[in-house]
Every structure is written in C-alpha cells, then in structure tokens.
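# Notes for the structure review
Single-letter residue listing:
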Amino acid sequence: MKSFKIALAQFSPHIGNIDANAQKMIEQALEAKKQNADLIIFPELSVIGYPSEDLLLRPALAKRIDKAFKQLAEVKDIVMVFGFVHLTEEGQRYNSAAVMKDGQVLGIYNKHNLPNYGVFDEKRYFNEGHQHLVFEYLGHKFGVLICEDIWSINTVKQVAQLNVDSIVILNASPYEVGKPQHRVQTLTELSKQFNVNLIYVNQVGGQDDLIFDGSSFIINHDSSLALKAPSFKEALYFTDFNPEDKKFNVADPSPNLDAIAEIYQGLVMATRDYVQRSGFPGVILGLSGGIDSALTLAIAVDALGPDKVQAVMMPYTYTAQISVEDASEQARRMGVTFGIAEIHNIVNSFMQTLYPFFGNSPADATEENLQARARGTLLMGLSNKFGNLVLSTGNKSELAVGYCTLYGDMVGGFAVLKDVYKTIVFELAKYRNSLSDTPVIPERVITRPPSAELRPDQKDQDSLPAYDILDAILYAYIEEDQSQADIIAKGFDKAVVEKVIRLVDRNEYKRRQGAIGPRISSRAFSRERRYPIVNGWRPDDI
C-alpha cells in the first residue's frame, strides 16, 4: 500500500447543464492534479445535478451523458469518481457512480437504496442496483456507495466485508438545521463499527427550494475526523493517506457553525444561486420598515451585492413615520437603490371603483388587502419593466396561519423566509447585525412590536398569540405532526391551539399559490408537507 493524495470536489452543478458541468469537473480535476492529487471524488449525479426531476426522462439524455463521458475521458493521470445517470440498452435507468482513469471506465456502481420520502422521489426515476463495486489503486481498496446507501446498515456491512480500506460515498444530501452535525456523528459510529475509512463528498449550492450545504468530510477507521470542509462553499479540499497507520492525515477541520449562522449562510447561498442561475439581473422587494423585509434585504445584498438590489417603500395612511425612516436608513446603510412610492391614490381609486358594489358596508380585511395588493401590483410593474425578480418577504409563521395576502405581499418569484419561523427571523436579524461594526438593520426595526400597518394602531399580537407561543404550537403541529389534543396537553391554551390549527388547515389554498423558497427544516411547505386543499378532516377526528 502506498501513500496518495485525495481531493474532495465540493461541487455545485448547474442542473441539466451537462456540458457546463462536465467542463467544470475537468477544470477541477486538472486543478487537483496540479496540486498532486491522485484521486478526485465528485458528488452524486454530478454530471447532471440533483434533483434533475423529469429532465431524467428526456429522450436526449443518453446522448448528452455519452458526450460528457467523452469530455471527461480527456483527463489523464488522475482517478475520477463521479456521479452520473446510467442508461442501459435494456431501457433501465440508474443513479450511478463511475470510476475513470486515463479515459478508461474502471467500474460502475448503481445505487442500491432509493429514497422515496420527504423531498426525495427517486423510485419515480431509477431502478435499484444490486452489485457492489470495489476498485484498487496504489494498493488501496475502495468501496463505493451513493448517499442513501450509507444509511442502510446492511449495505454498509456488505461493502465493509469485501475487505475495503475506505468507502467513497457520493452525496446530494439536502440541508436542514443540524443535518451537517448529524451526518458526521452517524458516520463516525459507522467507521468505528466496521473499521473502515469513510470519504463523504456532498453537493453544494441552491436548487429551487433545496439547499445543499456541502460539509464534506473524511472519517478514519479509528473515528478521527481527518478532514471537514466548510458548509456552503464550493471548492477543492485535500488530504493525504498515510499507509503506515492506514489513515488519512488529520487537517484542521472547518469549525461548526451554530444554527443561526448556518441558516443565514444557507439562505444567502440559496438566494444567490436561484437569482443568478435563473438569469435575473437583480432583485426588487418592498421594504416596509418591518423586520421581515429588513432581513430579506440584508440577505439579498449579501447574496448579490447592493448594485443588484432595489428596495421600494410604499406608505399609506396607516404607515408610521418611523417605518419610513427605518426603511430609508437601512437602504442607505446597505447602499441599495431605494425609492418611495405612496399608494394613497391607488387605494382610493380601488375604493371608488368598488363603492357601487361595497356600498356602506363596514370596513374589514378587504380594505387591508387592497393596500397589500396595490403594493404587489407596483412591485410586479417594476419587475416587468426592468427585469428584476420580486422577492416576497413573508415568514413561515405568517404563511402557516394565512396572515398574508394573495396577489399582495405574497407576490414574487422567490420567498426567502418561507421556511423561517418569526422567532428565528429575530435571531437572524441580530446575527446579521453582529457581522458589521455598524448594524445594517436599525435596532428599532428589531425591537418594535411587529405590525402589518394596515389599520390604525395595528399589532400582530392583536389577533395572534405572542410569536414564541405561536411558533411553538406551529412547530408541534407542522414539524412534529402532533395532534390538537397532544398540543393542548403540553399546557397551551385550548382555544388558542384550536384557532391556530384551524388557521393552518384552512389556508392551504394560499400556500399552494405562493412562491417557492429555500428549505431549512424537515417539514417545509411544498415538497414535504402536502395536504389536499379541499378535505373533510377535522382536528378532533380519531
């Protein structure tokens, strides 16, 4: 057995752009070779990206994959392990890994365990593999697994029993809070149990509503952490194998981020990738002087730069002067294009046009929603004229209970805070301010009681419980799937719990029409929590 150097390619593929992905992989392989690496490992399905969904069904896929293989075959003097779609002559389709050296394919592994839960839908697209792959290089025996395979004890045991020294694991594992630490903990236990080195390479980047954090790592057979790549950063990471103790040399690991820093960096990366890869020149958002839009603005600027961000303040009769002042001040601090567009005339015009229908009916939420829809129309008009993507600013707490207006504050193409509860919004705002000598979000925005400012002296807590209580109930109902009775048994007021659950259930129709947004939880509104809009289920049903 000889020493060798390995490169982990924490890679951000452009979904479906096979030519560009292959070229980027070639560039990374050549760079790794310059740094004397003997092997380079790429993530799961790196040639096409994950999840490619129904692009996997396109009739031209086979030709494009074949072309990519021919491109990659030009790389010499380094072993490449990468993910691709394996299409057989019999019409089967596999989620696979290829081992290539000097243009020759040394082996192909087809993924055994196909996840079909949560955000995953692999059984729709792939056949299950059944054979294992072991390849030897420089006297070192490598096994190969793909993502879900590592979570199957039987599959790991079968590979370990083939007397491999290391198992290479190609991954496209989506982010959720705490997931990077959970992976390391679980694989540390596996390395010790099966006395094998584990090389875990994960995709990085935002893809629609999914975030891939990277956080790649190597764990030695004695459970020591040899390498840990930073989260949310695309790069090559290197370490050497020492044949004397059959371990990878320990490098200084990237420090773990705390949960709030982790979430913030993930939202920034997701926003950047969505906007740039969708081809938008920049973004626009309504800056109200409240905390949700303030945080969204900060994330947008960190993702794209101030020159790519436009903010518009749209005051009405009920907008407090301090809201205008705070919005203007934040825009100044962050250096974005900013304008004020009063909506009095628009709302008044709506009211005059509707008067023959409304008559002297008492004012209610209808008039409040007209204000929100006037603002939404302005933002979409500016978006249409200049091409910038509208970022909607609502948070998960509001979306859950329907405290948002269809075709109003819900307009937009990307909802940055869609999976972020209000209590976490406050923490993220404080975190972002801690990164600058001068806070970018005015302190008053964080400390003021939240208000939609759609009627006189309005406060969110006039019609909702305090956000710490609301979010605790929502978390139990949405993330933990607890019943109404179970939540009440935790000590929450019965009437409050019944109201919150009623609001969640009846506002599914709104959420279905909202923009996508980055997923940070195990139960986001979209891929994972899918309830019928029309149904007769009631919370007190057995």
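Rules behind the numbers
- Residue positions are counted from 1 within each chain, in the order its sequence is given.
- Under the rules for a predicted model, residues below a pLDDT of 70 receive no local features and side-chain atom pairs below 80 are neither given nor counted, while totals for whole chains, interfaces and linings still include all residues.
- Side-chain measures were taken over the full set of non-hydrogen atoms in the model, leaving aside hydrogen atoms and water.
- UniProt positions are given in the numbering used here, feature names are shortened, and annotations may be inferred rather than shown by experiment.
- Secondary structure elements follow DSSP: runs of H or I no shorter than four residues count as helices, runs of E no shorter than two count as strands, and numbering proceeds from the N terminus.
- By this rule the span expected of a helix is its residue count minus one, scaled by 1.5 Å.
- We call a residue buried when its accessible area falls under 20% of the maximum for its residue type, exposed when it is over 50%, and partly exposed in between, using a 1.4 Å probe and counting protein chains only.
- Any carboxyl oxygen of Asp or Glu that lies within 4 Å of a side-chain nitrogen of Lys or Arg is treated as forming a salt bridge with it.
- In this scheme, strands are said to pair when DSSP sees at least two bridges between them.
- The distinction between a cavity and a pocket rests on a 1 Å grid over the protein atoms alone: a 1.4 Å probe fits inside a cavity but cannot get out, while a pocket stays open yet meets protein on both sides within 12 Å along at least five of seven lines, and a residue with an atom within 4 Å of a point counts as lining.
- Grid points are joined across faces, edges and corners, and a volume is the space filled by probe spheres set on the points.
- In this classification, Asp, Glu, Lys and Arg are treated as charged, Ala, Val, Leu, Ile, Met, Phe, Trp, Tyr, Cys and Pro as nonpolar, and every other residue, Gly included, as polar.
- For this analysis, a polar contact is any N or O atom pair within 3.5 Å, provided that within protein one partner can donate a hydrogen and the other can accept it, and provided that sequence-adjacent residues contribute only side-chain to side-chain pairs.
- Contacts were defined at the residue level, with two residues in contact if any of their heavy atoms lie within 4.5 Å.
- Domain delimitation in this document rests on an assignment produced automatically or drawn from a domain database.
- When two parts are brought into contact, each loses some accessible area as probed by a 1.4 Å sphere; the total of that loss over both is the buried area.

Looking at an unreviewed UniProt entry, the chain carries the name Glutamine-dependent NAD(+) synthetase, with the source organism given as Acinetobacter ursingii ANC 3649. According to UniProt, the comment filed for the chain under the heading Function (unreviewed entry) is "Catalyzes the ATP-dependent amidation of deamido-NAD to form NAD. Uses L-glutamine as a nitrogen source." According to the UniProt record, the Pathway (unreviewed entry) comment for the chain is "Cofactor biosynthesis; NAD(+) biosynthesis; NAD(+) from deamido-NAD(+) (L-Gln route): step 1/1."

### As for helix α6 (residues 291-304)
Its 14 residues give α6 an end-to-end C-alpha distance of 20 Å, which sits within 8% of 20 Å, the value for a rise of 1.5 Å per residue. With 13 of 14 residues buried, α6 is to be regarded as a mostly interior element. At the C-terminal side of α6, G305 shows a positive phi close to 95°.

### So, the pattern of salt bridges
A complete count under the given rule lists 28 salt bridges for this structure. A salt bridge links E234 to K24, with the nearest nitrogen and oxygen atoms 2.7 Å apart. With E234 in the loop between β13 (225-228) and β14 (235-242) and K24 in helix α1 (residues 18-34), this pair connects stretches of sequence that are 210 residues apart. Here K24 falls in the partly exposed class, since its relative accessible area comes to 26%. Salt-bridge contacts for K396 lead to D419; the nearest nitrogen and oxygen are separated by 2.8 Å. Taken as a pair, K396 in helix α10 (residues 396-401) and D419 in the loop between β20 (414-415) and α11 (422-434) lie far apart in primary sequence, 23 residues in all. An identical accessibility class is assigned to K396 and D419; each is buried. Beyond isolated ion pairs, a larger network of salt bridges with shared partners links E508, R511, R512 and R529.

### Comments concerning the pairing of strand β7 (residues 140-146)
Within a regular strand, side chains alternate between the sheet's two faces. Extensive coverage of β7 is indicated by the burial of six of its seven residues. Bridge analysis of strand β6 (residues 134-137) against β7 gives four bridges, and the strand direction is antiparallel. Bridge assignment links Y137 to a residue of β7, and that residue is H140. Taken together, β6 and the strand that follows it, β7, pair antiparallel across an intervening segment of two residues, in which L138 is found at a positive phi of about 55°.

### Section: the layout of surface pockets
By volume, the second largest pocket is sized at about 590 Å³. Residue lining of the second largest pocket: 23 residues in total, with Y477, D505, W537, R538 and P539 positioned closest to the centre. Elements with a minimum of two residues in the lining of the second largest pocket: α15 (494-506) and α16 (508-512). When the residues that make up the lining of the second largest pocket are grouped by side-chain class, the tally is nine nonpolar, four polar and 10 charged.

### A short note on the UniProt feature "binding site: L-glutamine" (unreviewed entry) in the chain
In the numbering used here, UniProt assigns the feature "binding site: L-glutamine" (unreviewed entry) to Y117, S173 and K179. In this structure the side chain of S173 is engaged in a polar contact, spanning 3.1 Å, whose partner is the side chain of R183. Following the sequence through the fold, K179 ends up in helix α4 (residues 179-194). On the basis of relative accessibility, which here comes to 16%, the residue K179 falls in the buried class. When neighbours within four sequence positions are excluded, K179 is seen to be in contact with S173 and P174.

### Here we look at the domain arrangement of the chain
Each domain of the chain was delimited in the assignment, giving domain 1 (4-244) and domain 2 (261-460 + 507-512). Taken over C-alpha atoms, the centre of domain 1 sits 40 Å from the centre of domain 2. Taken together, the 18 residues of domain 1 in the interface contact 11 residues of domain 2. When domain 1 packs against domain 2, close to 1100 Å² is buried across both sides, 56% of that on carbon and sulfur atoms. Contributing elements (two or more residues each) for the side of domain 1 that touches domain 2: α4, β10 (204-207) and β11 (210-213). Considering every element that reaches the side of domain 1 that touches domain 2, the biggest residue donor is β10, with three residues. Taken together, the residues of the side of domain 1 that touches domain 2 break down into eight nonpolar, seven polar and three charged.

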